[in-house]
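Residues per chain are reported as follows:
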Amino acid sequence: MKLKSIAFFLALFCATAVTAQQKEWVGTWAAAPEFTGPSDNPPEPLAFHSLRQIVQVSVGGDCLRLKLSNEFSKQGALVKSVFIADALDSCNIDAKTAKYLTFGGKREVILVSGHCIISDICKYKLRPLQRLAITINFDQSGDQVTSHRGSRTTSYLINGEAKPKTSFAGSKKTDHWFYISAIDVPQKDQECIAIIGNSITDGRGSTTNMQNRWPDMMSRVLNTQGKKEYAVLNLGIGGNCVVRGGLSEPAVERFDRDILNQSGCTKVVVFEGINDLGGSDGHCERTAKELIEAYQQFIKKAHGEGLKIYLATITPFGKSFYDKGNLFKETARQVVNQWIRTNKEADGFIDFDEAMRDKNHPSQLNEEWQEDWLHLNAKGYEAMGEYAAKYFLGL
């Protein structure tokens, strides 16, 4: 089969899988795909290498499917095989749990430039909140890939083709994810909360390999204290803006793909805007207006898909590198937060501003919880995640 024919088949397969089967599945893990710059590339070209990546899911199931994305690369990649297994410590897996995935009945698959692909259904006992290892054996790959920069989780690269019992000791390490973008399990009666955000949601300031971003902490509380299962999908991107600028596509451009296209999504959380405001020198009033207009657009789109949508107030950034004594930025933040609290269009709001600020200095984060006066530390993310979970549990 010619490459163009394969590309057409894979693109059609991906689109069919997402649309026709979307209501039969629910996402248990996801990451927003991004363009990969040279500084975020794998430590070596992926051709003739094996890459092991670790994720933590939110809800479980007796089977799953994996979505791989090459949407931000102009080069294709040939994958010899992909297998999953229960993750142990570091790069190690429980080899007895390993299962190879297939794509259209075959282990080998082409990651076509500009497209995504979803695996066939794989029977696998996936436990809620467990860590899963995804090992991809590459045959051919260019020097450009699709990634998620802010994995806060170490990936491991070795030469040659890995088998389930292959040791990854001595592997090269990198704290990025490559190509993996979603894991789905069968839809039961789960709620599925998809979160669009920036580096605060992506977890800057959290502990690498400890899975303690605020959405992780929210997921743990929801799935240990809730009466039903809650899938939590973190679609945060470090440095991301809502309207323009920042890193990767702004939220107004990626909302449909990263939020509305998630399987089984029932609720949306929008927690973005701090980077827009932080870079708004000289046009704070216009930025506040544009943020509100973007939120209204998100609300309309979510409601058009039958989803509930919740806006989160923008947390303080006083004393951070965004501050610079600019009172206009703080005023704009207050204007946006007041609209979030009082609008009648969204289904509710999560008041992260009130929860995370210093009560005596409301333009600043609680000092005990801050990392750099913009991001939270691990303790702060724990408090933040618990606060959000209690909101959805009605506590």
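Above this text sits the structure in question.
The sections below set out a description of the structure shown in this document.

### With respect to the overall build of the chain
In step 1: Looking only at helices and strands, one finds 9 helices and 20 strands in the chain.
In step 2: The C-alpha radius of gyration computed for the chain amounts to 21 Å, which stays within 12% of the reference 21 Å derived for 395 residues, consistent with globular compactness.
In step 3: If you line up the chain on its principal axes, its C-alpha atoms span 60 × 40 × 40 Å.
In step 4: For the chain, the residues scored as buried account for 61% of the 395 residues in total.
In step 5: In the chain, the proportion of contacts linking residues at least 24 apart, taken out of those at least 6 apart, comes to 80%.
In step 6: Summed over all atoms, the accessible surface of the chain reaches about 16300 Å², with 52% contributed by carbon and sulfur.
In step 7: Taken as two groups, the 47 positive and 46 negative side-chain charges of the chain have centres that lie 5 Å from each other.

### Describing the packing of helix α3 (residues 214-225) against helix α9 (residues 378-393)
In step 1: Put simply, α3 and α9 touch, their axes get as near as 7 Å, and they point 45 degrees apart. Taken together, α3 and α9 sit at an angle that is classed as oblique. Crossing geometry of α3 relative to α9 is assigned as right-handed. Across from W214, M217, M218, V221, L222 and Q225 in α3, the residues of α9 making contact are Y381, E382, M384, G385, E386, A388, A389, F392 and L393.
In step 2: Here the residues of the contact of α3 with α9 are counted per class, giving 11 nonpolar, 2 polar and 2 charged.

### Some details on the sheet that holds strand β14 (residues 177-178)
In step 1: Within the open sheet, the 3 strands sit side by side as β2-β11-β14. Their pairing is antiparallel. Because the sheet does not close on itself, it has two edges, and the strands there are β2 (34-35) and β14.
In step 2: Looking at chain direction, β2 and strand β11 (residues 146-148) are connected through 2 bridges and run antiparallel. Paired with F35 across the strands is T146, a residue of β11.

### So, the side chain of E272
In step 1: Among the secondary structure elements, E272 is positioned in the loop between β18 (267-271) and α5 (274-278).
In step 2: Side-chain polar atoms of E272 contact the side chain of R254, separated by 3.3 Å.
In step 3: In this structure E272 touches I196, G197, N198, N240, C241, V242, A251, R254, Y295 and I314, once residues within four positions along its chain are discounted.

### Some thoughts on the packing of helix α6 (residues 284-304) against helix α7 (residues 327-342)
In step 1: Where α6 contacts α7, the axes come no closer than 9 Å and their chain directions differ by 25 degrees. With respect to each other, α6 and α7 are oriented roughly parallel. Here α6 and α7 pass one another in a crossing that is right-handed. Residues C284, A288, L291, I292, Y295, Q296 and I299 of α6 touch α7, and the partners they reach there are F328, K329, A332, V336, W339 and I340.
In step 2: Of the residues assigned to the contact of α6 with α7, the class counts are 11 nonpolar, 1 polar and 1 charged.

### A look at the sheet that holds strand β20 (residues 348-350)
In step 1: Here we have 5 strands laid out as an open sheet, ordered β17-β16-β18-β19-β20, and parallel in their pairing. Every other strand in the sheet has two partners, leaving β17 (230-236) and β20 as the edge strands with one partner each. Going across the sheet, the axis of each strand differs from the next one's by a mean of 25 degrees, ignoring polarity.
In step 2: The pairing of strand β19 (residues 308-312) with β20 spans 3 bridges and is classified as parallel. Across the sheet, L311 pairs through a bridge with F349, a residue of β20.
In step 3: Strands in contact with α6 are β18 and β19; relative to β19, the strand with the most contacts, it is inclined by about 160 degrees.
In step 4: Lying on the sheet, α9 is in contact with β16 (191-197), β17, β18, β19 and β20; it crosses β20 at an angle near 160 degrees.

### Quick notes on α6
Because an α-helix completes one turn every 3.6 residues, residues spaced three or four positions apart along the sequence face the same direction.
In step 1: Here α6 is 21 residues long and its end C-alpha atoms lie 30 Å apart, about the 30 Å a rise of 1.5 Å per residue gives.
In step 2: When α6 is considered as a whole, its buried residues turn out to be C284, T287, A288, E290, L291, I292, A294, Y295, F298, I299 and A302.
In step 3: Against the buried residues of α6 lie α4 (251-260), β18, α5, β19 and α7.
In step 4: G306 sits one or two residues past α6 and shows a positive phi near 75 degrees.

### A few points about α7
In step 1: For α7, spanning 16 residues, the distance from its first C-alpha to its last is 23 Å, which sits close to the expected 22 Å at 1.5 Å a residue.
In step 2: Where α7 is concerned, the buried positions are K329, E330, A332, R333, V336, N337, W339 and I340.
In step 3: Where the residues of α7 are buried, they touch α5, α6, β19, β20 and α8 (352-356).
In step 4: Here α7 starts with a cap whose side-chain oxygen sits 2.9 Å from the backbone nitrogen of F328, and that cap is N326.

### Some remarks on the nonpolar core
In step 1: Of all hydrophobic cores here, the largest spans 103 residues; its most connected members are L64, I134, W214, M218 and Y295.
In step 2: Tallying contributions element by element places α6 first for this core, with 9 residues.
In step 3: Setting aside anything within four residues of it in sequence, one finds I134 in contact with L51, R52, Q53, V55, L66, V82, F83, I84, I180 and I183.
In step 4: Counting residues in each nonpolar core, the second largest holds 12 residues, with I54, F83, A87 and C91 among its members.

### Focus on the pattern of salt bridges
In step 1: Per the stated rule, a full pass over the model turns up 27 salt bridges.
In step 2: The salt bridge partner of D184 is R65, with a shortest N-O separation of 2.9 Å. Pair noted here: D184 is in strand β15 (residues 180-186) and R65 is in strand β4 (residues 61-69), with a separation of 119 residues, a long-range link. The pair formed by D184 and R65 is uniform in burial state, with each residue classed as buried.

Here is what the cut-offs are and how they apply
- Numbering of residues begins from 1 in every chain and follows the order in which that chain's sequence is written.
- This being a predicted model, a pLDDT of at least 70 is required before a residue's local features are given, and a value of 80 or more before pairs of side-chain atoms are given or counted; all residues contribute to the totals for chains, interfaces and linings.
- Note that the side-chain values use all heavy atoms of the structure and ignore hydrogens as well as water.
- The helix count covers DSSP runs of H or I at least four residues long, the strand count covers runs of E at least two residues long, and both are numbered beginning at the N terminus.
- Two things to know: the radius of gyration comes from C-alpha atoms, and the globule rule equals 2.2 Å times the number of residues to the power 0.38.
- Note on classification: 1.4 Å probe, protein chains only; a residue is buried when its accessible area is under 20% of the maximum for its type, exposed when over 50%, partly exposed between these limits.
- Residue contacts are counted whenever heavy atoms from the two residues lie within 4.5 Å of one another.
- Using the Shrake-Rupley algorithm and a 1.4 Å probe, accessible areas are obtained, with residue cover drawn only from the displayed protein chains.
- Positive charge is attributed to Lys and Arg, negative charge to Asp and Glu, and no charge count is given to His or to the chain ends.
- By convention, charge coordinates are those of NZ in Lys, CZ in Arg, CG in Asp, or CD in Glu.
- A fitted line through C-alpha atoms serves as each axis, taken over the contacting stretch for helices, and the angle formed by two N-to-C directions is quoted from 0 to 180°.
- Each angle is binned into one of four classes, with values under 35 degrees roughly parallel, values over 145 roughly antiparallel, values of 65 to 115 roughly perpendicular, and all other values oblique.
- Crossings are sorted by hand: turned counterclockwise from the far helix by less than a right angle, the near helix makes the crossing left-handed, and turned clockwise it makes it right-handed.
- In this classification, the charged set is Asp, Glu, Lys and Arg, the nonpolar set is Ala, Val, Leu, Ile, Met, Phe, Trp, Tyr, Cys and Pro, and all remaining amino acids, among them Gly, are polar.
- Pairing between strands is defined by DSSP: at least two bridges between the two strands are required.
- Here a polar contact means two N or O atoms within 3.5 Å. Within protein one must be a hydrogen donor candidate and the other an acceptor candidate, and residues neighboring in sequence count only if both atoms are side-chain atoms.
- Working rule for helices: expected span equals 1.5 Å times residues minus one.
- In these notes, a set of buried Ala, Val, Leu, Ile, Met, Phe, Trp, Tyr and Cys residues joined through side-chain atoms within 4.5 Å is what counts as a nonpolar core.
- What counts as a salt bridge is simple: a side-chain nitrogen of Lys or Arg found within 4 Å of a carboxyl oxygen of Asp or Glu.

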